[in-house]
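Structural description and commentary
One letter stands for each residue in the lines below.
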Amino acid sequence: MRKHKLNDIFGQQNIKEVVSISLKASAEKNNPFPHTVLYGPAGLGKTTIANAIANEMGTQMKVVLGVYRDWE
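Structure report, in brief. (Residues numbered from 1 in each chain as written. Predicted model: local features only at pLDDT ≥ 70, side-chain atom pairs only at ≥ 80, totals over all residues. Heavy atoms only, no water.)

Leu6, Ile9, Val19, Leu23, Phe33, Ile49, Ala52 and Ile53 form the largest nonpolar core, which has eight residues in total. Elements supplying a minimum of two residues to this core: α1 (13–29) and α2 (46–57). Per-element accounting of this core gives the leading share, three residues, to α2. Excluding anything up to four places from it in sequence, Ala52 contacts His4, Lys5, Leu6 and Ile9. (Core = buried A, V, L, I, M, F, W, Y, C linked by side-chain atoms within 4.5 Å. Buried < 20%, exposed > 50% of the residue type's maximum accessible area, 1.4 Å probe, protein only. Helix = DSSP H or I, 4+ residues; strand = E, 2+ residues; numbered from the N terminus. Contact = heavy atoms within 4.5 Å.)

Take a look at the structure:
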């Protein structure tokens, strides 16, 4: 079960702090949240954080899968 708010997520304190500042700035300026790329190995909470950002902004998240393959 994924967390719905940024404060409900355990760990990743440095990322949560940066995202929280961006969320507050976006809300104060009435601007959309800036485009963001979350990357790293599986299990770090990238999707959970993205979902929390969407919920905090009152929008839905759109998931795009990017796959890198080195064919050489």
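This paragraph deals with unusual backbone geometry. With a phi close to 55 degrees, Gln12 is a non-glycine residue in the positive phi region. Considering the arrangement of structural elements, one finds Gln12 in the segment before α1. Unlike most non-glycine residues, Asn30 shows phi in positive territory, near 55 degrees. Here Asn30 shows up in the loop between α1 and α2. Using a relative accessible area of 70% as the deciding quantity, one classes Asn30 as exposed.

Helix packing geometry: the angle between the two helix axes and the distance between the axes. At a closest axis distance of 11 Å, the pairing of α1 and α2 adopts a crossing angle of 20 degrees. As judged from the angle between their axes, α1 and α2 are roughly parallel. Regarding α1 and α2, the two cross each other, and that crossing is right-handed. Judged by residue contacts, Ile15, Val19, Leu23 and Ser26 of α1 engage Ile49, Ile53, Glu56 and Met57 from α2. Broken down by class, the residue content of the contact of α1 with α2 amounts to six nonpolar, one polar and one charged. (Axes fitted to C-alpha atoms, helices over the stretch in contact; angles between N-to-C directions. Parallel < 35°, antiparallel > 145°, perpendicular 65-115°, else oblique. Left-handed = near helix turned anticlockwise from the far one by under 90°. Nonpolar A, V, L, I, M, F, W, Y, C, P; charged D, E, K, R; others polar.)

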